[in-house]
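Structural overview for review
Here is what each chain is made of, one letter per residue.
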Amino acid sequence: MLRLPDAWIWDFWFAREGDTHHLYFLRASRALGDPERRHFRASVGHAVSTDLRSWTQLADALVPADRPAFDDVATWTGSVLRGPDDRWYMFYTGAGSTERALVQRIGLATSTDLVTWERHPAAPVLTAAGRWYERFGDSTWQDEAWRDPWVFADPDGDGWHMLITARANEGPVDDRGVIAHARSHDLVHWEAQPPVTAPGSGFGHLEVPQVEIVDGRPILLFSCLHDQLAERCRDARACGVWAVPGDSLLGPFDAAKAQRLTDDSLYSGRLVRDDNGRWQLLAFLHHDEEGRFVGELSDPIPVRVLPDGTVLLGDAEPGTPYSVHGRRQVAPDPTQAGDRTQADTVGV
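Remember, it's a predicted structure, so these values are computed and weren't measured experimentally.

Counted as a void, the largest pocket has a volume near 790 Å³. Lining the largest pocket are 33 residues; nearest its centre among them are His39, Arg147, His205, Glu207 and Leu225. At the level of elements, strand E1 (7–17), strand E5 (74–82), strand E9 (147–153), strand E13 (207–214), strand E17 (266–273) and strand E18 (279–287) are the ones that each hand at least two residues to the lining of the largest pocket. Ranked by the residues each element gives to the lining of the largest pocket, the list is headed by E18, at three residues. For the lining of the largest pocket, the per-class residue count stands at 14 nonpolar, ten polar and nine charged.

Below is the structure:
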């Protein structure tokens, strides 16, 4: 578990080199007071671990650019992979001051060592495509959703794919959430494709997508807050991490049949293999038992998939969302923590 005494942690992603897991995460100062203010103060933090439990914090990987730039307000969620040139490629979300951070674009930075990152001159490498996807001003939605790029190699070796949190340009405004798709043959030039989920599935957006093959089944993972669900679904659904099986890593995925894996104590889940090759889910600790924002990283939670595609977390029964309520050791008050520079690790 990772807790920073001076900053909240939320969305995150991984890269692995040898026995070391590199964790990249959104962070913002607790001095802001109100955690809702964190979104427009976000930088990308960095920590390393060999067991996914004990973390050593390193210098931040990426911070907002100098103005004017497409990412001069915030750098948000992304993913990292090694390219064919042995460089590491970080795709991330940028929000800029020109549009008051209401338009999101996909940025790119590269590194040779996973520590020092440089923005690629081609960035931003992808913006929302009007053919399939909603642009800012097309509806009454609050922003142009085009974020959380999840990039992976084509299973047949034909370039790379990117999945993106987006919204369709048709249908009821609160029910347009989709996972967008884009393709590339060089990791720099990208072309938008039709979405891998359909609008009308009950979600205003499907955040932080990830696809993996777990126990032989392609699984799409995403998250959604309660107030971002379609209004018609809010009585039956709640906040959390969701999963749905598909026919392949590119789906199609029927998000209307997604299974809620967690309650609102966890959010923005990520699947990762541990040192024994077993799949684990980590998420950020979202709300405590009183509904207060937490902003810490969870310990790994074992994951398995049944033959029918049902995803099980830890000791949760089928159909029962996993919760950390009652399991978590409450960390010390950061205002009483003294002058500490190392990350705290607290068990769950």
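This part takes up the sheet that holds strand E2 (residues 20–29). Strands sit in the order E1-E2-E3-E4 across an open sheet of four strands; the sheet is antiparallel. Because the sheet does not close on itself, it has two edges, and the strands there are E1 and strand E4 (56–62). Across this sheet, the average inter-strand angle for adjacent strands is 30°, counted without regard to direction. Of the pairings in the sheet, the one linking E2 to strand E3 (residues 43–49) comprises seven bridges and is antiparallel in character. Pairing of Phe25 across the sheet is with Gly45, part of E3.

Let's shift gears to the sheet that holds E13. One open sheet accounts for four strands, arranged E13-E14-E15-E16; its pairing is antiparallel. The open sheet terminates on both sides in strands that have one partner only, identified here as E13 and strand E16 (259–260). Two elements, strand E15 (residues 240–245) and E16, share two bridges in a ladder whose sense is antiparallel. Each bridged residue has a counterpart across the sheet, and for Ala243 the counterpart in E16 is Gln259.

Looking now at the nonpolar core. Grouped together as the largest cluster of nonpolar side chains are 29 residues, with contacts concentrated most on Tyr24, Val80, Met90 and Trp117. Not counting residues up to four positions away in its chain, the partners in contact with Val80 are Trp13, Phe14, Ala15, Tyr24, Trp88, Tyr89, Met90, Leu114 and Trp117. The next biggest cluster of nonpolar side chains, apart from the first, holds 24 residues, and it includes Leu126, Trp146, Val151 and Ala180.

Applying the stated criterion to the full structure yields two cavities of 30 Å³ or more. Lining the largest cavity are Gln259, Arg260, Leu261, Val311, Leu312, Leu313, Ala316, Glu317, Thr320 and Tyr322. Listed by contribution, the elements that provide at least two residues to the lining of the largest cavity are E16 and strand E21 (311–313). Here the lining of the largest cavity gets three residues from one element, more than from any other, and that element is E21. For the lining of the largest cavity, a count of residues per class yields six nonpolar, two polar and two charged.

This paragraph deals with the packing of aromatic side chains. Under the defined criterion, the tally for this structure stands at 14 aromatic pairs. Plain terms: the ring middles of Trp8 and Phe293 are 6.3 Å apart, the flat faces sit at 80° to each other, and that makes the pair edge-to-face. Of this pair, Trp8 sits in strand E1 while Phe293 sits in strand E19 (residues 293–297); the two residues are 285 residues apart in sequence, bridging distant segments of the chain. When its relative accessible area of 19% is taken as the criterion, Phe293 is described as buried. Between Phe222 and Trp242, the ring centres sit 6.4 Å apart and the planes meet at 5°, which makes this aromatic pair stacked. Pair noted here: Phe222 is in strand E14 (residues 217–224) and Trp242 is in strand E15, with a separation of 20 residues, a long-range link. As far as the burial class goes, Phe222 and Trp242 line up, both buried. Put simply, the rings of Trp8, Tyr267, Phe284 and Phe293 pair up and form one aromatic cluster. In this arrangement the basic side chain of Arg38 is found over the ring face of Trp10, its NZ or CZ atom lying 4.8 Å from the centre.

Within E14, seven of the eight residues are buried, which leaves it mostly tucked inside the rest of the structure. Sheet topology places E13 next to E14; six bridges connect them, and they run antiparallel. Within the sheet, the bridge partner assigned to Val214 lies in E14 and is Arg217. The antiparallel pairing of E13 with E14 creates a hairpin that spans two residues between the two strands, and Asp215 there sits at a positive phi of about 50°. Of the strand pairs in this sheet, E14 and E15 are connected by six bridges, and their pairing is antiparallel. Looking across to E15, one finds that Leu220 is bridged to Val244.

What follows is about the side chain of Thr262. Inspection of the secondary structure puts Thr262 in the loop between E16 and E17. Here the side chain of Thr262 touches Leu266 through a polar contact of 3.4 Å, landing on its backbone oxygen. Among all residues touching Thr262, those that are not within four sequence positions of it are Cys239, Gly240, Val241, Leu313, Pro321 and Tyr322.

Reading the values: the criteria
Residues numbered from 1 in each chain as written. Predicted model: local features only at pLDDT ≥ 70, side-chain atom pairs only at ≥ 80, totals over all residues. Heavy atoms only, no water. 1 Å grid on protein atoms, 1.4 Å probe; cavity = no way out; pocket = protein on both sides within 12 Å on 5 of 7 lines; lining within 4 Å. Points joined across faces, edges and corners; volume = space filled by probe spheres on them. Helix = DSSP H or I, 4+ residues; strand = E, 2+ residues; numbered from the N terminus. Nonpolar A, V, L, I, M, F, W, Y, C, P; charged D, E, K, R; others polar. Pairing = 2+ DSSP bridges. Axes fitted to C-alpha atoms, helices over the stretch in contact; angles between N-to-C directions. Core = buried A, V, L, I, M, F, W, Y, C linked by side-chain atoms within 4.5 Å. Buried < 20%, exposed > 50% of the residue type's maximum accessible area, 1.4 Å probe, protein only. Contact = heavy atoms within 4.5 Å. Phe/Tyr/Trp six-rings, centres within 6.5 Å; stacked < 30°, edge-to-face > 60°. Lys NZ or Arg CZ within 6 Å of the ring centre and 35° of its normal. Polar contact = N/O pair within 3.5 Å; in protein donor to acceptor, adjacent residues only side chain to side chain.

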